[in-house]
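Per-entry structural report
What follows is each chain in one-letter form.
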There are 2 protein chains.
Amino acid sequence: MTALKNDIFLKTLLKQSVDRTPVWMMRQAGRYLPEYRKIRAEAGSFLDLCTNPELACEVTLQPLERFDFDAAILFSDILTIPDAMGLGLYFSEGEGPKFKKTVRTKADIEALPVFDPLDKLAYVMDAVSLIRKNLQGRVPLIGFSGSPWTLATYMVEGGSSKSFQKVKALMYNEPLLMHQMLDKLAQSVAAYLNAQIAAGAQAVMIFDTWGGMLATEEYLEFSLAYARQVRELLTTNVDGQTIPTLFFTKGGGLWLNEMSKVGFDALGLDWQTDIGFARAQVGDKVALQGNMDPVALYAQPEKITEKVKLILEKYGKGSGHVFNLGHGILPDMNPEHVKAMVDAVHKYSPQYHL
Amino acid sequence: MTALKNDIFLKTLLKQSVDRTPVWMMRQAGRYLPEYRKIRAEAGSFLDLCTNPELACEVTLQPLERFDFDAAILFSDILTIPDAMGLGLYFSEGEGPKFKKTVRTKADIEALPVFDPLDKLAYVMDAVSLIRKNLQGRVPLIGFSGSPWTLATYMVEGGSSKSFQKVKALMYNEPLLMHQMLDKLAQSVAAYLNAQIAAGAQAVMIFDTWGGMLATEEYLEFSLAYARQVRELLTTNVDGQTIPTLFFTKGGGLWLNEMSKVGFDALGLDWQTDIGFARAQVGDKVALQGNMDPVALYAQPEKITEKVKLILEKYGKGSGHVFNLGHGILPDMNPEHVKAMVDAVHKYSPQYHL
C-alpha cells in the first residue's frame, strides 16, 4: 500500500498533534455535484451506483478533485446489511429507503440469515479496495455502517418513520426479541466493518441516525449498548496501524458523556449540540466531529466563514476536532458554498494548533 | 366565576405544595377518542371544529369525562395567528398544515397586517369563555399559541418542512428582516395570549415546536429571545390570581438552563430529555412538564405503569412536576392505555409529595 500523504484526519481522531483542523463532509460525494449527477444519470439508480465498484470508486473520488478534504468516505448506503439479509432495499422518489420485507415477529427475527459480508456484500469490499488503491495515499478512506438500532428501525418499520411506533412497540412489549435482533445486527455490523477494514478502510464510522428518537434509558439499553458491542468486536489494529472508530447518534447531544465511555475514538455531533459544551462533556476521552448546520451552507460565503470561525473557536485549542457538517449536505447546495467552508477551515484553524 | 375545585395543576406550575403530581396530555382532545371522531365527522374539517366555539368547547371537555386529568386545554391550533393574518391555513391529508400564501420578502413582512386578536380570532376567545364557563371550576383551562419562531417557520416555508431551508436561509442572509418578522410575531402572540387570559384562560403555554432545529446561537437569538419578549408582554396577574406561563421547545433539552432564566414558570420537556437531568439543570427556578414518550403508550398497561413510575422517580420529591407526554398523543392510541398512565400517576405520585 502507498504511504499516506495526508494523515491529519487519522491523527486528529486519535488526538495526536496536527497543524490544522481536518475537514470532510457527510455525503460529500453526492447530488450537489454536477459531475456526480452525470455519472448517476448514466448509471441508473442510487443502488446501481453503490453496487458497481468502479462507479462507486469514481464518485467517491470526485469531491477530492474539487475541495481540499482530508478524508474520503466509501460511497454506499447505511442499509446494505438488511438488504444483504434478503429484505429487498429500494428507494422511492421523495420517500427515502424502503424494504420489501419487514422483520416484526419472533419467526422473522429467527429467520434472519447468518450474515457473511464477503458473500452478499462483496461489491462493497471490492469498492473499498479499489478506492483505497486509487486514492494513492492522498487521504485516508472511511468505511461505515448503520448502527444496530438504526438498522432495526428500518427493518421493523419497513422504511423511514415519523413516530417509530412499530419498532418501539416491539421494544416495549417484546424486549427480549428486540435484544435478540440487535445482538444479531451488532455481530453483523462488526463483521461488515471488519471486512471493510480488511479491504482497506482506514477508519470506520457507525451512523446511529435514529438513536435520538429514544428516551434516555432506551437509548442506553437498545442503541448505545449495541454500538458498544460492535466496538468490542472490531479489529482496530492492522499491521501496527490503529484504525480509529467514530460513532454518531443524531439527536444524541444529551448523552455524550455516556457515549464517550464506550470505546470509540471520536463522536459525531449534530448541529444542535454546542461543540464547546460537547468538549466539556467528553473531556479528553474522545475526539469530536462536526458540526455546522448543513442548511447554513445556504448562507452567503461571508456568513459561512463566520459560522466556521465560531465552531473552531467553540472547540478551542488543541487536537481532537474534525470539522464536518452536523448532517449530510443537501442535494441542491451550491458547490461554491462548500468551497467557502473548506477554505475557512484551512485558513482559520491553524491558530488553534500552535 | 366559579371557584376552582382542583388547583393542583396551577399550584404545581408555581411550585407550591400539593398532595400528588397533576397530569394532563398534549392533544388530549383528539382523534384517539371515538367521541371526538364522532363530532369531527359531523362537523367537517379540523378547522371547522376549531372555529366553532360550541364544538370546540364540547371536544375540549370530552377527555375530562373519561380520565382524571387535572387541566383542560383549549381545542385549537398553534397556527391561528398566521391564518388570521391572511395567509390561508389549510390541512391536506397526511401532510400537516399548509398556507396558501407565504412570507419571504421584505415586502411580505412589511405587509403583515397589524394583528387584533379580538377581531379575526374572536372565535377563539368565544371558545375560551364558553369552555371556562362549562368547566364550572372542575379544572383550570390552558390557553396557548405557537412561538414566534415556530410560526415564522410555517409562514416562510408555507407548511411543515424537513430541512427548514427557506426560513433558515432568510435568517442567515437577512437577519434584520427575520428579526423584524419575529418582533411582529412576538407582539401578536402576546396580544393573542393576553386576550385568551382576559377571556378566561388560567394558564398559557407557548409551543416552540421547531426551535430544536436550530444551532445553539440561533436558538438563543431567533427563538428564545422572542419567547422572552412574549413573556415580558404577558399580563399574568388577573384579579389577584397569577396566570402561570409554560414554554416548550421540542428538541430543546440542551438549552434548559438558558430557558429557565427567561421568566416562564414552567418548561415542557420532550421524551428524549432525562427529567432528572432537567431538574438538575433548572434547579428551583422553574417547574417541569412531561415527559413520557407518546409512543410508549403502545406498550402494555404494566409497562406503561413502569414508565410512569420511572419518570416520577427521576423527578423525585417535591412540587414542580406536571406529568404529561413528551409530545402529542398519537391518533390511533387505545384510550385504555391512557387510563393506565393517568391511574399510575394518581397511584404512585403521592409518595413524592409527603
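Here the residue numbering is sequential within each chain, running from 1 through the sequence in written order. Chains and ligands are labelled sequentially in the order written, the chains with letters from A and the ligands with numbers from 1. The predicted origin of the model limits local features to residues at a pLDDT of at least 70 and limits the giving and counting of side-chain atom pairs to 80 or more, whereas totals for whole chains, interfaces and linings rest on all residues.

Here we come to the overall build of chain A. To qualify as a helix, a DSSP run of H or I must reach at least 4 residues; to qualify as a strand, a run of E must reach at least 2; elements of each kind are numbered from the N terminus. A count of helices and strands for chain A gives 16 helices and 11 strands. Radius of gyration here is computed from C-alpha atoms only, and the compact-globule reference equals 2.2 Å multiplied by the residue count raised to the power 0.38. For chain A, whose C-alpha radius of gyration is 19 Å, the value lies close to the compact-globule estimate of 20 Å for 354 residues. Along the first, second and third principal axes, the C-alpha set of chain A runs to 55 × 45 × 40 Å. Each of the 354 residues in chain A was classed as buried or not, and the buried ones make up 55%. For chain A, restricting intrachain contacts to residue pairs at least 6 apart in sequence, the fraction spanning at least 24 positions comes to 73%. Exposed residues have 12 or fewer other C-beta atoms within 10 Å of their own C-beta, buried residues have 20 or more, and residues in between are partly exposed; the C-beta atoms are placed from the backbone. We call two residues in contact whenever the C-beta atoms placed from their backbones are within 7 Å.

For the rest of this paragraph, the subject is the interface of chain A and chain B. Each partner contributes to the interface: chain A provides 26 residues, whereas chain B provides 26 residues. Secondary-structure elements contributing two or more residues to the side of chain A that touches chain B are α10 (165-173) and α15 (301-315) of chain A. Here the element with the most residues in the side of chain A that touches chain B is α10 of chain A; it accounts for 5 residues. Residue polarity is assigned by list, with Asp, Glu, Lys and Arg as charged and Ala, Val, Leu, Ile, Met, Phe, Trp, Tyr, Cys and Pro as nonpolar; anything else, Gly included, falls into the polar class. Residue classes in the side of chain A that touches chain B are distributed as 12 nonpolar, 10 polar and 4 charged.

Okay, the pairing of strand β8 (residues 245-249) of chain B next. All names here are of chain B. Across the 5 residues that make up β8, a large majority, 5, are buried. Of the two faces of β8, the one carrying T245, F247 and T249 and the one carrying L246 and F248 are both buried. Whether two strands pair comes down to DSSP finding at least two bridges between them. As defined by bridge partners, strand β5 (residues 203-208) adjoins β8 across 5 bridges and the pair is classed as parallel. Bridge pairing in β8 places V204 opposite T245. Alignment of β8 against strand β9 (residues 266-268), held across 2 bridges, turns out to be parallel. Counted as the bridge partner of L246 is A266 from β9.

Turning next to the relation of the copies chain A and chain B. Residues below a pLDDT of 70 in either copy are left out; the C-alpha atoms of the rest, at least 70 in both, set the least-squares superposition of the copies. Mapping chain A onto chain B calls for a rotation angle of 180° and an axial translation of 0.0 Å; the resulting RMSD is 0.0 Å. Read as a symmetry element, the transformation amounts to a two-fold axis. Relative to the rotation axis, the closest C-alpha in chain A is found at L254 of chain A, a distance of 3.2 Å. Counting the interface residues of chain A, we find that 96% of their copies in chain B are interface residues as well, pointing to one common contact surface.

The subject of this paragraph is the environment of Y154 of chain B. Residue and element names in this part refer to chain B. Structurally, Y154 is set in helix α9 (residues 148-157). Distance in space between the C-alpha atoms of Y154 and T209 is 11 Å, their sequence separation being 55 residues. Each residue touching Y154, except ones within four places of it in the same chain, is listed here: L79, P82, P97, F99 and G159.

Further remarks concern the sheet that holds strand β11 (residues 321-325) of chain A. Residues and elements named next belong to chain A. Spatial ordering of the open sheet is given by β1-β4-β5-β8-β9-β10-β11, a layout of 7 strands whose pairing is parallel. Looking at the sheet topology across the chains shown, the edges are occupied by β1 (72-73) and β11. Sheet topology places strand β10 (residues 287-292) next to β11; 5 bridges connect them, and they run parallel. When the sheet's bridge partners are listed, G290 is paired in β11 with F323.

This brings us to the packing of helix α4 (residues 53-66) of chain B against helix α8 (residues 122-135) of chain B. All names here are of chain B. Angles here are taken between N-to-C directions and fall from 0 to 180 degrees, while the axes themselves are lines fitted to C-alpha atoms, restricted in helices to the stretch in contact. With their axes 8 Å apart at the nearest point, α4 and α8 run at an angle of 45° to one another. One finds that α4 runs oblique with respect to α8. As α4 packs across α8, the resulting crossing turns out to be right-handed. Contacts between α4 and α8 involve P53, E54, A56, C57, T60 and L61 from the former and Y123, D126, A127, L130, I131 and N134 from the latter. In the contact of α4 with α8, the residues fall into 8 nonpolar, 2 polar and 2 charged. Oblique is the label for every angle not falling under 35 degrees (roughly parallel), over 145 degrees (roughly antiparallel), or within 65 to 115 degrees (roughly perpendicular). In a left-handed crossing the near helix is turned counterclockwise from the far helix by less than a right angle, and in a right-handed crossing that turn is clockwise.

Bringing the sheet that holds β9 of chain B into the picture now. All names here are of chain B. If you trace the 7 strands from one edge of the open sheet to the other, you get β1-β4-β5-β8-β9-β10-β11, paired in parallel fashion. Looking at which strands have only one partner, the edges of the open sheet turn out to be β1 (72-73) and β11 (321-325). Sheet contacts for helix α12 (residues 216-233): β5 and β8; angle to β5, the most-contacted strand, approximately 165°.

Residues and elements named next belong to chain B. Burial of β11 is extensive: 5 of the 5 residues sit out of reach of the surface. Burial along β11 is two-sided: H321, F323 and L325 and V322 and N324, pointing in opposite directions, are all buried. In this fold, the crossover linking strand β10 (residues 287-292) to β11 by way of helix α15 (residues 301-315) has right-handed handedness. Every crossover in which the path from the first strand over the helix to the second runs clockwise, viewed with the strands pointing away from the viewer, is termed right-handed.

Below, the discussion takes up the nonpolar core. The biggest cluster of nonpolar side chains holds 248 residues, and the ones touching the most others in it are I142 and L267 of chain A together with I142 and L267 of chain B. Apart from residues no more than four positions distant in its own chain, L267 of chain A is found in contact with F247, F248, L256, M259, S260, V282, V286 and L288 of chain A. We define a nonpolar core as a collection of buried residues of the types Ala, Val, Leu, Ile, Met, Phe, Trp, Tyr and Cys that are connected via C-beta atoms lying within 7 Å of each other.

What follows is about the environment of R228 of chain B. Residue and element names in this part refer to chain B. Looking at the secondary structure, you find R228 in helix α12. Classification of R228 by C-beta neighbours within 10 Å gives partly exposed; the count is 19. Along the primary structure R228 and Q196 are separated by 32 residues, whereas in three dimensions their C-alpha atoms are 18 Å apart. Excluding anything up to four places from it in sequence, R228 contacts V262 and G263.

Attention shifts here to the environment of E93 of chain A. Mapped onto the fold, E93 of chain A is located in the loop between β2 (89-92) and β3 (96-99). Taking the C-alpha atoms as reference points, E93 of chain A and V230 of chain A, separated by 137 residues in sequence, lie 32 Å from one another.

Our next topic: helix α11 (residues 175-199) of chain B. Under the convention used throughout, the expected extent of a helix is 1.5 Å for every residue step, that is, one less than its residue count. With 25 residues, α11 of chain B should cover 36 Å at 1.5 Å per step; its first-to-last C-alpha distance of 35 Å lies within 8% of that length. Positive backbone phi, at 135°, marks G200 of chain B, one or two positions downstream of α11 of chain B.

A few words now on α4 of chain B. Residues separated by three or four positions in an α-helix point in the same direction, a consequence of the helix having 3.6 residues per turn. Within α4 of chain B, burial applies to A56, C57, E58, V59, T60, Q62 and P63 of chain B. Where α4 of chain B is buried, its residues contact α2 (34-43), α3 (46-50), β1 and α8 of chain B.

Our next topic: unusual backbone geometry. All names here are of chain A. Here the amide bond leading from G290 into N291 is cis, since omega sits at 0°, within 30 degrees of zero. With respect to the secondary-structure elements, N291 resides in strand β10. Non-glycine residue K15 carries a positive phi angle of around 60°. For K15, the location among the structural elements is in the loop between α1 (8-13) and α2 (34-43). You will see that Q136, though not glycine, has its phi angle at about 50°, which is positive. Tracing the backbone through its elements, the reader meets Q136 in the loop between α8 (122-135) and β4 (141-146). Residue classification places Q136 among the exposed positions, given that 12 C-beta atoms sit within 10 Å.

A packed helix pair is summarised by two numbers, namely the angle formed by the two axes and the spacing between the axes. Residues and elements named next belong to chain A. Where helix α5 (residues 80-87) contacts helix α9 (residues 148-157), the two axes come as close as 10 Å, and the packing angle between them is 40°. With respect to their mutual orientation, α5 and α9 come out oblique. Handedness of the α5/α9 crossing: right-handed. In contact with I81, P82 and L87 of α5, α9 contributes L151, Y154 and M155. Each residue belonging to the contact of α5 with α9 can be placed in one class, and the counts come to 6 nonpolar, no polar and no charged.

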